[in-house]
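Examination of the molecular architecture
Residue strings, one per chain:
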Amino acid sequence: MVRSYGVKVHKRKKREENYDKEEDEVEEQSIQAAKKKALTSTKQDEDVEKKAREDESKEEEEEAPLEVLEGIPAGPSDQKALKRGVIFVLERASLEVGKVGKSYQLLNSDEHANFLRRNNKNPADYRPDIIHQALLSILDSPLNKAGMVRSIYVKTEKGVLFEVRPHVRIPRTFKRFAGLMLQLLQKLSITAANKREKLLRVIKNPVTQYLPVNSRKTGLSYSSEKLVDIQKYVATIGDDMDLVFVVGAMAHGKIDNDYTDDWVAISGYPLSAAFCISMICQGVAKKWNVL
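This section reports on the structure supplied with the text. Keep in mind that what you see is a predicted model, and the values were worked out from it rather than measured.

Along its twelve residues, helix α3 (residues 128-139) runs 17 Å from first to last C-alpha, staying within 8% of the 16 Å computed at 1.5 Å per residue. Burial analysis of α3 places eleven of its twelve residues in the buried class, the great majority of the element. Those residues of α3 lying buried are Pro128, Asp129, Ile130, Ile131, His132, Ala134, Leu135, Leu136, Ser137, Ile138 and Leu139.

This is the structure we're talking about:
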């Protein structure tokens, strides 16, 4: 009886050892499976991360044209690949910011006449409505809607130069326009809604570095002795050249620069900047058959 009991104990011990061995094998298999799964998961994560980086780089490449580069004139987003175009430079624009009371405002002769007089300034010189009307005249023209206005540059009386994209929507009312200009002069740029594109941005002087080399730069001045018919004048310029028109956006006086190739008067009467621009757009539109 004692021997049989010992045998049973021996067999049970052997079975227990086999059970322990099986458990170790199962545990080792589980560890190996977990390691393999972790490696697979890590590889998948690396592949996903690599694909995300590739997609991100592709998106950056696609969005790269939206980034505004220094010295490159901007054109409308739907502009066709044309060999010709027109560029407007609006000089001496009355856009000055002043602190009236506790807030900063865009100074104009209608609302801040007393403030300007107290500061020994002539209210007649503060006419931001002129540049407002001039910009609307350019942006509303069939020439611009046809994608033939390449760039618009505005230089203020204080020498600040900024670019206006031809496809921007300028506010129709002066009050909202004044708020937009105030924001531009304070933040130096205006970005499109839900986009990275800068529709208006302050840029470095001089404006000549942004103008095409092969271009005809024409300045408008009522005091010029060269009186021309604008349609006949632009008709004499080759189609392979860009047209640059420099127009004054001030109440009185004249513009003076050294980069224009020619100075002309398009009427025997003094005209507003907006009307001069309208005549230019009509003349160029007729030259390029834009209806």
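Between α3 and helix α7 (residues 273-287), the shortest axis-to-axis distance is 8 Å and the interhelical angle comes to 15°. In terms of axis orientation, α3 runs roughly parallel to α7. When the axes of α3 and α7 are compared, the crossing they make is right-handed. For the pair α3 and α7, contact is made by Ile130, Gln133, Ala134, Ser137 and Ile138 and by Ala273, Ala274, Ile277 and Ser278, respectively. Split by residue class, the contact of α3 with α7 holds six nonpolar, three polar and no charged.

Further remarks concern the sheet that holds strand β6 (residues 189-191). Spatial strand order, β6-β7-β5-β4-β1-β9-β8-β10: eight strands in an open sheet with mixed pairing. In this open sheet, the two edge strands, each paired with only one partner strand, are β6 and β10 (262-264). On average, adjacent strands in this sheet sit at an angle of 20° to one another, irrespective of strand direction. Sheet topology places β6 next to strand β7 (residues 198-203); three bridges connect them, and they run antiparallel.

Attention shifts here to the pattern of salt bridges. If you walk through the whole model with that rule in mind, you get ten salt bridges. Across the pair Lys121 and Glu96 runs a salt bridge, and its minimum N-O distance is 3.2 Å. Residue Lys121 is found in the loop between α2 (113-118) and α3, and its partner Glu96 is found in the loop between β1 (86-93) and β2 (97-100); the two are separated by 25 residues along the sequence. Close ionic contact of Arg150 with Asp242 constitutes a salt bridge, the shortest N to O distance being 3.0 Å. One end of the pair, Arg150, is in strand β4 (residues 149-156); the other, Asp242, is in strand β9 (residues 242-248), with 92 residues separating them in the sequence. With a relative accessible area of 10%, Asp242 lands in the buried category. Where salt bridges share partners, they join Arg216, Lys226 and Asp262 into one cluster.

Further remarks concern the environment of Ser224. Topologically, Ser224 is positioned in the loop between β8 (215-220) and α6 (230-235). Given the relative accessible area of 17%, Ser224 is considered buried. Leaving out residues up to four positions away in the same chain, Ser224 has contacts with Trp263, Val264 and Ala265.

What counts as what
The numbers attached to residues start from 1 for each chain and follow its sequence in the written order. pLDDT decides what is reported in this predicted model: residues at 70 or higher carry local features, side-chain atom pairs at 80 or more are listed and counted, and totals for whole chains, interfaces and linings draw on all residues regardless. Computation of side-chain values: all heavy atoms of the structure, hydrogens and water removed. Only DSSP runs of H or I with at least four residues qualify as helices, and only runs of E with at least two residues qualify as strands; both kinds are numbered from the N terminus onward. One less than the number of residues in a helix, times 1.5 Å, gives the span that helix is expected to have. Here the term buried applies to any residue with accessible area under 20% of the maximum for its type, exposed to any over 50%, and partly exposed to those in between, with areas from a 1.4 Å probe on protein chains only. Structural elements are reduced to axes, namely lines fitted to C-alpha atoms, with helices fitted over the stretch in contact, and the angle between N-to-C directions of any two is expressed from 0 to 180 degrees. Angular relationships are summarised with four words: roughly parallel below 35 degrees, roughly antiparallel beyond 145, roughly perpendicular across 65 to 115, and oblique for the angles in between. Here is the rule for handedness: rotate from the far helix to the near one, and if that takes an anticlockwise turn smaller than a right angle the crossing is left-handed, while a clockwise turn gives right-handed. Note on definitions: a residue-residue contact is assigned when non-hydrogen atoms from the two residues lie within 4.5 Å. For this classification, the nonpolar set comprises Ala, Val, Leu, Ile, Met, Phe, Trp, Tyr, Cys and Pro, the charged set comprises Asp, Glu, Lys and Arg, and every other residue, Gly included, is treated as polar. When DSSP finds two or more bridges between two strands, those strands count as paired. Each reported salt bridge corresponds to a side-chain nitrogen of Lys or Arg within 4 Å of a carboxyl oxygen of Asp or Glu.

Purely geometric numbers; function is a separate question.
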